[in-house]
Amino acid sequence: MSRKASGFKAWAWQRITAVYIGLFGVYLLSSLLCAAPETYTAWQAWFTGPVMRVTTLLFVLAILLHAWVGIRDICIDYVKPIAVRASLLLMLALSLILYGLWAAQLLLR
Amino acid sequence: MQFLISRYNPETDDKPHMQAFEVDVQRGMMLRDALLDIKRQDESFAFRHSCGEGVCGSDGVNVNGSNKLACITPISELKTPIEVRPFPGRPIIRDLVVDMTQFYEQYKKVDPWLVRKEPAPEQEVLQSPEDRDKLDGLYECILCGCCSTSCPSFWWNPDKFLGPQALLSSWRFLADSRDQATDERLDQLEDPYKMFRCHTIMNCVESCPKGLNPTKAIGNIKNLMIKKAV
Amino acid sequence: MALAKRRFDALIIGAGGAGLNAAIQLADTNLQVAVVSKVFPTRSHTVAAQGGVNAALANVSDDSWHWHMFDTVKGSDYLGDQDAIEFMCREAIPTVYELEHNGVPFSRLENGTIYQRAFGGQSQNFGGAQASRTCAAADRTGHAILHALYQQNVRARTHFFDEFFAVELLRDDEGAILGALVLEIETGEPLLIEAKSTILATGGCGQVYRTTSNAHINTGDGMALALRAGAPLMDMEFYQFHPTGIAGKGMLITEGVRGEGGYLVNKDGERFMERYAPNAKDLASRDVVSRAIVTEVKEGRGCGPKSDHVMLKVDHLGEEIISKRLPGIRESGKIFAGVDAVVEPLPVFPTAHYIMGGILTDRYGRVLTDQNDTIMPGLYAAGECACVSVHGANRLGGNSLLDILVFGRAAGLNVLNNTPASHRKLTDSAIQSAMARLERWDQTGTGLSVRELRDEFRRTMEDHAGVFRTEVIMQEGVNKLLALRDKLPDVRLQDHSRVFNTGRIEALELENLFDCGIAMAVSALHRQESRGAHSRPDYPERDDANWMKHSLYYRAEDRMDYKPVTTEPLSVDSFPPKVRTY
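Cut-offs applied
- Residues numbered from 1 in each chain as written.
- Chains lettered and ligands numbered in written order.
- Predicted model: local features only at pLDDT ≥ 70, side-chain atom pairs only at ≥ 80, totals over all residues.
- Heavy atoms only, no water.
- Helix = DSSP H or I, 4+ residues; strand = E, 2+ residues; numbered from the N terminus.
- Buried < 20%, exposed > 50% of the residue type's maximum accessible area, 1.4 Å probe, protein only.
- Contact = heavy atoms within 4.5 Å.
- Areas by Shrake-Rupley, 256 points an atom, 1.4 Å probe, with all protein chains shown as cover.
- Lys, Arg positive; Asp, Glu negative; His and termini not counted.
- Charge placed at Lys NZ, Arg CZ, Asp CG, Glu CD.
- Buried area = accessible area lost by both parts, 1.4 Å probe.
- Salt bridge = Lys/Arg side-chain N within 4 Å of Asp/Glu carboxyl O.
- Domains from an automatic or database assignment.
- Polar contact = N/O pair within 3.5 Å; in protein donor to acceptor, adjacent residues only side chain to side chain.
- Nonpolar A, V, L, I, M, F, W, Y, C, P; charged D, E, K, R; others polar.
- Pairing = 2+ DSSP bridges.
- Axes fitted to C-alpha atoms, helices over the stretch in contact; angles between N-to-C directions.
- Phe/Tyr/Trp six-rings, centres within 6.5 Å; stacked < 30°, edge-to-face > 60°.
- Lys NZ or Arg CZ within 6 Å of the ring centre and 35° of its normal.
- Core = buried A, V, L, I, M, F, W, Y, C linked by side-chain atoms within 4.5 Å.

**Description of the overall build of chain B**
Inference 1: Of regular secondary structure, chain B possesses 8 helices and 7 strands.
Inference 2: Along the first, second and third principal axes, the C-alpha set of chain B runs to 60 × 35 × 30 Å.
Inference 3: Within chain B, the proportion of its 230 residues that are buried is 58%.
Inference 4: Residue pairs at least 24 apart in sequence account for 63% of intrachain contacts in chain B once pairs closer than 6 positions are excluded.
Inference 5: As displayed, chain B has an accessible area near 9,400 Å², and 49% of this comes from carbon and sulfur atoms.
Inference 6: In chain B, 29 side chains carry a positive charge and 34 a negative one; their mean positions are 3 Å apart.

**Some points on the overall build of chain C**
Inference 1: Each helix and strand counted, chain C has 16 helices and 20 strands in total.
Inference 2: Dimensions of chain C, computed from C-alpha atoms along their principal axes, come out at roughly 70 × 50 × 50 Å.
Inference 3: Counting across all 582 residues of chain C, residues that qualify as buried make up 70%.
Inference 4: Restricting the contact set of chain C to residue pairs at least 6 apart, pairs at least 24 apart contribute 74%.
Inference 5: If you average the places of the 62 positive and of the 75 negative side-chain charges in chain C, the two averages end up 2 Å apart.

**A short note on the interface of chain A and chain B**
Inference 1: Counting residues at the interface gives 14 residues for chain A, matched by 13 residues for chain B.
Inference 2: Taking both partners together, chain A and chain B bury about 1,300 Å²; carbon and sulfur atoms supply 55% of that area.
Inference 3: Considering only the side of chain A, the residues that lose the most area to chain B are A:F8, A:W11 and A:D77, jointly responsible for 46% of the buried surface there.
Inference 4: Linking chain A to chain B there are 2 salt bridges.
Inference 5: Note that A:D73 is salt-bridged to B:R197, the shortest N-O span being 2.7 Å.

**Quick notes on the pattern of salt bridges**
Inference 1: On inspection of all chains with the given rule, the structure shows 70 salt bridges over all chains.
Inference 2: Here B:R48 ties to C:E163 by a salt bridge, and the two come within 2.6 Å at their closest N and O atoms. One end of the pair, B:R48, is in the loop between α1 (31-41) and β3 (60-63); the other, C:E163, is in the loop between β6 (159-162) and β7 (164-171), on a second chain.
Inference 3: It is possible to trace a salt-bridge network through shared partners that takes in C:D77, C:E237, C:D287, C:R291, C:R527, C:E529, C:R531, C:R542, C:D544 and C:R580.

**Description of the domain arrangement of chain C**
All names here are of chain C.
Inference 1: Taken domain by domain, chain C consists of domain 1 (244-350) and domain 2 (440-542).
Inference 2: Using C-alpha coordinates to define each centre, domain 1 is positioned 30 Å away from domain 2.
Inference 3: Listed as interface residues are 5 residues of domain 1 and, on the opposing side, 5 residues of domain 2.
Inference 4: Around 420 Å² of area is buried between domain 1 and domain 2 when both sides are counted, 70% of it from carbon and sulfur atoms.
Inference 5: The largest per-residue losses of area from domain 1 upon contact with domain 2 belong to D287, R291 and V294, which jointly make up 75% of the total buried on that side.
Inference 6: Linking domain 1 to domain 2 there are 0 salt bridges.
Inference 7: Run the count over domain 1 and domain 2 and you get 1 residue pair in polar contact (both at pLDDT 80 or more).
Inference 8: Residues of the side of domain 1 that touches domain 2, tallied by class, amount to 1 nonpolar, 1 polar and 3 charged.

**Details of the sheet that holds strand β11 (residues 239-246) of chain C**
Residue and element names in this part refer to chain C.
Inference 1: Pairing in this open sheet of 4 strands is antiparallel, and the strands run β11-β14-β13-β12 from one edge to the other. Pairing within the sheet leaves two strands with one partner each, and these edge strands are β11 and β12 (263-265). Averaged over all pairs of adjacent strands, the angle between their axes in this sheet comes to 50°, without regard to strand direction.
Inference 2: As judged from the 3 bridges shared by β12 and strand β13 (residues 310-313), these two strands associate in the antiparallel manner. Residue pairing for β13: V265 is matched across the bridge by M311.

**Some details on the interface of chain B and chain C**
Inference 1: Counting residues at the interface gives 58 residues for chain B and 62 residues for chain C.
Inference 2: Carbon and sulfur atoms make up 52% of the surface buried where chain B meets chain C, a total of about 4,900 Å² over both sides.
Inference 3: Summed over the three residues of chain B that lose the most area to chain C, namely B:E43, B:E53 and B:E124, the buried surface amounts to 14% of that side.
Inference 4: Along the contact surface separating chain B from chain C lie 7 salt bridges.
Inference 5: Among the ionic pairs, C:E331 bridges to B:K210, the shortest N-O distance being 3.3 Å.
Inference 6: In this structure, the connection of chain B to chain C is made through 35 residue pairs in polar contact (both at pLDDT 80 or more).
Inference 7: Looking at the side of chain B that touches chain C, the elements that each hand over two or more residues are α1, β6 (92-94), α2 (101-109), α3 (129-133) and α5 (163-174) of chain B.
Inference 8: By residue class, the composition of the side of chain B that touches chain C is 29 nonpolar, 11 polar and 18 charged.

**A few points about the side chain of C:H550**
Residues and elements named next belong to chain C.
Inference 1: With respect to the secondary-structure elements, H550 resides in strand β19 (residues 549-554).
Inference 2: Accessibility expressed as a relative area gives 0% for H550, which makes it buried.
Inference 3: Polar contacts involving the side chain of H550 include one to the side chain of D235, which spans 2.7 Å.
Inference 4: Among all residues touching H550, those that are not within four sequence positions of it are L79, D81, M234, D235, S389, R527, D561, Y562, K563, P564 and V565.

**What about the packing of aromatic side chains?**
Inference 1: Summed over all chains, the structure comprises 27 aromatic pairs over all chains.
Inference 2: Each ring, one from B:W155 and one from B:W156, has its centre 6.3 Å from the other, and the planes form 80°; the classification is edge-to-face.
Inference 3: Judged by its relative accessible area of 33%, B:W155 is partly exposed.
Inference 4: On the basis of an interplanar angle of 90° and a centroid distance of 6.2 Å, the ring pair of C:F272 and C:Y276 is categorised as edge-to-face.
Inference 5: Counting every residue linked through ring pairs, the aromatic cluster contains B:F103, B:Y104, C:F40, C:Y150 and C:F160.
Inference 6: Note that C:R325 overlies the ring of C:Y115, its terminal NZ or CZ placed 3.7 Å from the centroid.
Inference 7: Here the guanidinium or amino end of C:R395 rests over the ring plane of C:Y354, the centre of that ring lying 4.1 Å away.

**Description of the arrangement of the chains**
Inference 1: Out of 2 pairs of chains that touch, the pair holding the most contacts is chains B and C.
Inference 2: One thing to see here is that chain A and chain C don't touch, and their nearest C-alpha atoms sit 25 Å from each other.

**Thoughts on the sheet that holds strand β3 (residues 53-54) of chain C**
Residues and elements named next belong to chain C.
Inference 1: In space, the 3 strands of this open sheet follow the order β3-β5-β4, with antiparallel pairing throughout. If you trace the sheet from one side to the other, it starts and ends with β3 and β4 (116-123), each paired once.
Inference 2: Relative to strand β5 (residues 130-135), β3 runs antiparallel, the two sharing 2 bridges. Note that in β5 the partner of V53 across the bridge is C135.
Inference 3: Sitting on the sheet, helix α2 (residues 65-75) touches β3, β4 and β5, and the angle it makes with β4 is about 50°.

**Looking at unusual backbone geometry**
Inference 1: B:T80 connects to B:P81 through a cis peptide bond whose omega is -5°.
Inference 2: Structurally, B:P81 is set in the loop between β4 (66-69) and β5 (82-85).
Inference 3: With an omega of 5°, the peptide bond between C:V388 and C:S389 qualifies as cis.
Inference 4: Relative to the elements of secondary structure, C:S389 occurs in the loop between β18 (386-387) and α11 (399-417).
Inference 5: Of note in this structure, C:Y78 is not a glycine but carries a positive phi near 65°.

**A short note on the nonpolar core**
Residue and element names in this part refer to chain C.
Inference 1: Ranked by internal contacts, the top residues of the largest apolar core, which has 149 residues, are V53, L264, M273 and L346.
Inference 2: Setting aside residues up to four positions removed in sequence, M273 forms contacts with L264, P278, K281, D282, A284, V288, V289 and A292.
Inference 3: Counting residues in each nonpolar core, the second largest holds 90 residues, with A34, L170, F514 and W547 among its members.

**Digging into the environment of A:P50**
Inference 1: The topology assignment puts A:P50 in helix α3 (residues 50-78).
Inference 2: Distance from A:P50 to A:Y99, taken between C-alpha atoms, is 21 Å for residues 49 residues apart in sequence.

**Points about the environment of C:M548**
Residues and elements named next belong to chain C.
Inference 1: Relative to the assigned elements, M548 resides in the loop between α16 (544-547) and β19.
Inference 2: Sequence separation of M548 and C385 is 163 residues, and the distance between their C-alpha atoms is 22 Å.
Inference 3: Non-local contacts of M548, meaning those with residues more than four positions away in its chain, are made with Y78, R531, D543, V565, T567 and P577.

Here it is in structure tokens:
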């Protein structure tokens, strides 16, 4: 993690991911409200389309990135001891990566 | 009327305590007048003040939980009991006097002066009235510290987060059509602490006695960064 | 215990416009310069100047420095020194451009040049039509200038001693100034600052009066320091009462209000200035307008339940002009008078504002000790605490910021060009006599309080050295003041703590106020004529034959001496005294 990159870029990524999460969320919600798939097969069909796979994966990645910046911000604000902060951030990073891999595995198989 | 005043003399006290004073309040009296009256009752009471009209920025104090300039705060607008404390989050030197060094240091970090790279013309550098209007709401800052010392982000990271005052000053120069150091100023703020600790809590806006809006200034800086990035 | 000691090439006492403009000349050189200020620099009272700074830029009306010079000489009631006035009016133009380059956010005209407004006593063509000569940043010009100067000093890494109080000048047996004894307010510890040159730039002494536009800090410290070091104070009887302070409070309403088209009315709604100054009306010079207001009130035409003030009408200008050009006074009116200037007129009455007199200096800022222009080695003064003299018996609005900037700069440059190679030897006796002043306040026991004596002193000054002055009133005033001064040694502090002891600072300031106040009262008693701000009903006329001379007050035995007015300018013809009408 380069120290230089983490000011403006972090903030900008947080904003960009927020926009994507918002847009995709609206699409997901409105689809479910208007024409929710009624059977498992319909669900599967909906989510196995290549466009849907990629956009959903991006959605998950956006949430992870957004969470990373947000929680990192909280750590920077309140967790002063460098060792504690580093281990917290490391744990956070590991769990976010795990979530990401799990999502990828689900979406790409 | 009773006033509760935070007292602390480092030569005799371990920690601050509240002391009650009776002040005969007249119509139109400002909080500073009451503090002056208390000073008359007790020579040892210390607080900073000077101009008495809200331009020198000396007498910022915390009244009933909000940061205000004593000289332009009418007593009639305050809820009783009136409790006066020093600015929160700053080391107390004595009574209502706090150490503002860190606040001034942050101000100095934004290079708060006009930078011109071209040689100065023989006359004034021209500026249209529209461009000059962009400085309104920025240059009027009196460095009283009400904003920064009411900002939780500044409480947590007073050494690294510049605070609303310094960021307002930074934007004051970024917004000046005569200034020629935009890139340098923006680059300086590229760090997770200096500006990005602002979480738009907006205590600064609420406490500014001059009605200025540091949160908006910070937003403007971010927008300018985006503009420069794309 | 050994005293802490620091050494600098130059020491500047005071961080207002004059001090900071002197500092900026030195900070970018290889000289070591220290600025001592009893408050953080941007709290200095320059910050409160509203209307603007005069310079014949001719951005709005046709103008020339020579006309500016004429107006200043006339405004001074021919007591100003014409060489210094010429110098100041010429320097005004580059000075304002330099300020602009230093970042001052001046208001602008459509073509992008600096906005200039009309102010009192300004004319084109030597007494002709009204000129617009006052360069303004809305009605916060002093604030804009002070902050820009401080910012430039931050850039140049000037060494500041913030919240240090100058106790006494250090003076050797030959009368040379070697620096100053200062007190760090936060710790209460004394510190010796040795300097080859010392510039006093401590501002005015309005706190000698009860109702004043001046800040709590304006206690005439520099004037008192110079006085005690043996220098005289010049023309101290000339104290300006600004016509428009908020009635009963004293906060200033800038002359710029009248410059933008506001005017004064009495209880009958009459625009009374038309009677006192048919041509200039509300923009007559300040002494004229102040006397007119006091006369109106005395003759029963005042406004309000006590008929004790007049009204300043602004509302006809409309909200747009008021909020663009006069936002600060609208704010002040609301806060302190409960009046919105956009809707109602503002209640005003003259308020103690500015001391034309001060430490006798030449136009290079060097402190002089007598009528033969003998220089006091190592000491300079600039700004309101100094008297060059450019304001003579009455200062024009907009010339104060100009004075502090031009002569602050001149003093700085002169220090730069004439700094001796080495420090003079600091003697023990110099240190001891300075320390004595500080140690005196360590005396314990019961006695008068600072507050009691200060209250009585200020009341006496207000009653006996106000706008109208007669022999009887003033003689009584001087007697009372001298009696009060005799009580000073009986004053005791009750709180002897060290850390941020503001009571101790106020005690030291009270001594300074006494020195200034007595200089003012004694000088006023002696001058038997009416000139500018010094108005004597018992001598109603200006007396050029006997009194076209500066008064010098010395602290030793309260002695008076006199010095001729310099009527010869540097390059142009002299303006001979004329009857002064507006």
